[in-house]
Amino acid sequence: MEKKLHTFFQSGLLDKYILDETSASESLKVEHYIETYPEVESEYLRLQDNLHILAKADAVEAPKFILDQIKNELEEEETPVITLETSKRRTPWYSIAASIVALLFAGGYYMKNEENKALLQENQVVVEEIFDLRDDIENNNAKLDNLMRQFLKLNNPETEKYVLRGNERAKELKTVAYINAVEKTSMIDVVSLPQLSEDQFVHVWAEMADHFVSLGIIDPSEKNMQSLPYMEDALGISLTIGPKEDTKNADNAVAEIALKGKNN
């Protein structure tokens, strides 16, 4: 509806209707809009008031003493004086011209104001889209940079690859660990996980000479490579399933593997 009213106001039909310059069909259209839309009725009344005020302000009435003086002079010259009945004074042409200019100015100002509002709204949308696009570009660049780093690490000749498969208690479990002893980095890629309950998590452990060290838990929602702490003297890696707070119990491993060069 706003678009429809905007188009109507831009057409200038209301200004022409006020000045009695519309055709019969145009008058019917304007009257329909005035009766249907309060915004049009309000603008119509406002323009009528402006026209009345301008006409009244520009009208100049002759002082009464001038009329009396003219009558006296005519009586002294014995010239018959015909008394004219007072009639309604017509609005001078310059008052009408001023009213027309005011109406055109008001209509032009309204349309220009509406155009400026629409332009500001469009500019705001463009600015927001630019910021969103810039954020998307920055996020994508960060992801690409992270993937590139992972790719370089995985393709480093010093990086060893270890596949951990689940035993009878977790047949669906399969992960791949990548360990680089030179750069001292460790990562794990989750290929598949067994069905876990809400209170179950897959823990990663580093097997040391006489104890196990927790390397954290696997985030099942993380689809990309996950980093793990690098353990200098680790002999192997094992996975267990248990509560999230279980960071001390490495028994009952569901998958384990010895690291190259560390097993006897």
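The shown structure was predicted, so the numbers you read here are calculated from the model rather than taken from an experiment.

Overview of the overall build of the protein chain
And then number 1: When you go through the protein chain residue by residue, the secondary structure sums to six helices and eight strands.
And then number 2: What you see in the protein chain, going N to C, is helices and strands ordered as α-α-α-α-α-α-β-β-β-β-β-β-β-β.
And then number 3: For the protein chain, the residues scored as buried account for 25% of the 264 residues in total.
And then number 4: In the protein chain, 58% of the contacts between residues at least 6 apart in sequence involve partners at least 24 apart.
And then number 5: Accessible surface computed for the protein chain: about 19100 Å², of which carbon and sulfur atoms make up 53%.

Focus on the sheet that holds strand β5 (residues 212–217)
And then number 1: With respect to topology, four strands assemble into an open sheet ordered β5-β4-β7-β8, the strand pairing being antiparallel. In the strand order of this sheet, the two ends are held by β5 and β8 (255–258), each with one partner. The mean angle between the axes of side-by-side strands here comes to 25°, regardless of whether they run parallel or antiparallel.
And then number 2: With four bridges joining them, strand β7 (residues 236–242) and β8 adopt antiparallel strand pairing. By the bridge assignment for β8, Leu239 is matched with Ala255.

Some words on the side chain of Ser238
And then number 1: Within the element layout of this structure, Ser238 appears in strand β7.
And then number 2: Taking the relative accessible area as the measure of exposure, Ser238 reaches 3% and is therefore buried.
And then number 3: Sequence-distant contacts of Ser238, defined by excluding residues within four places in its chain, comprise His203, Val204, Trp205, Phe212, Ala253, Ala255 and Glu256.

Focus: the nonpolar core
And then number 1: Grouped together as the largest cluster of nonpolar side chains are 20 residues, with contacts concentrated most on Tyr162, Leu164, Leu173, Val204, Ile237, Leu239 and Leu259.
And then number 2: It is strand β4 (residues 201–207) that contributes the most residues to this core, three residues altogether.
And then number 3: Among residues more than four places away in sequence, those in contact with Tyr162 are Thr175, Val176, Ala177, Ile179, Ile257, Ala258, Leu259 and Lys260.
And then number 4: One finds Leu5, Val30, Ile34 and Val40 within the second-largest nonpolar core, a separate group that totals 14 residues.

Brief notes about the environment of Tyr230
And then number 1: Its place among the elements puts Tyr230 in the loop between β6 (226–228) and β7.
And then number 2: Here the alpha-carbon distance between Tyr230 and Asn180, two residues 50 residues apart in the chain, equals 8.7 Å.
And then number 3: When residues no more than four places from it in sequence are discounted, the contact partners of Tyr230 are Ile179, Asn180, Ala181, Lys184, Thr185 and Ser186.

Quick look at unusual backbone geometry
And then number 1: In the Ramachandran plot, Asp20 falls in the positive-phi region, its phi being about 60° despite a non-glycine side chain.
And then number 2: Examined against the element boundaries, Asp20 turns out to sit in the loop between α2 (13–18) and α3 (24–36).
And then number 3: Residue classification places Asp20 among the exposed positions, given a relative accessible area of 66%.
And then number 4: Of note, the phi angle at Lys184 is positive, near 55°, even though the residue is not glycine.
And then number 5: By the secondary structure assignment, Lys184 is in the loop between β2 (174–180) and β3 (185–192).
And then number 6: Among the residues examined, Lys184 registers a relative accessible area of 45% and is labelled partly exposed.

Overview of the packing of aromatic side chains
And then number 1: The full count for this structure, using the stated rule, is four aromatic pairs.
And then number 2: Between the aromatic rings of Phe8 and Tyr33, the centroid separation amounts to 4.2 Å while the plane-to-plane angle is 5°, which identifies the pairing as stacked. Placement of the pair is Phe8 in helix α1 (residues 2–11) and Tyr33 in helix α3, with a sequence separation of 25 residues. For the pair Phe8 and Tyr33, one class covers both residues: buried.
And then number 3: With a centroid separation of 5.3 Å and an interplanar angle of 40°, the aromatic rings of Tyr33 and Tyr37 are classed as tilted. Assigned by exposure class, Tyr33 and Tyr37 land together as buried.
And then number 4: Geometry around Phe201 places Lys244 over its ring, the cationic atom sitting 5.8 Å from the centre.

Some words on the pairing of β7
And then number 1: With six of its seven residues buried, β7 lies for the most part within the structure.
And then number 2: Bridge count for β4 against β7 is seven bridges, and the pairing is antiparallel. Bridge pairing in β7 links Glu207 to Gly236.

Reading the values: the criteria
- Residues numbered from 1 in each chain as written.
- Predicted model: local features only at pLDDT ≥ 70, side-chain atom pairs only at ≥ 80, totals over all residues.
- Heavy atoms only, no water.
- Helix = DSSP H or I, 4+ residues; strand = E, 2+ residues; numbered from the N terminus.
- Buried < 20%, exposed > 50% of the residue type's maximum accessible area, 1.4 Å probe, protein only.
- Contact = heavy atoms within 4.5 Å.
- Areas by Shrake-Rupley, 256 points an atom, 1.4 Å probe, with all protein chains shown as cover.
- Pairing = 2+ DSSP bridges.
- Axes fitted to C-alpha atoms, helices over the stretch in contact; angles between N-to-C directions.
- Core = buried A, V, L, I, M, F, W, Y, C linked by side-chain atoms within 4.5 Å.
- Phe/Tyr/Trp six-rings, centres within 6.5 Å; stacked < 30°, edge-to-face > 60°.
- Lys NZ or Arg CZ within 6 Å of the ring centre and 35° of its normal.

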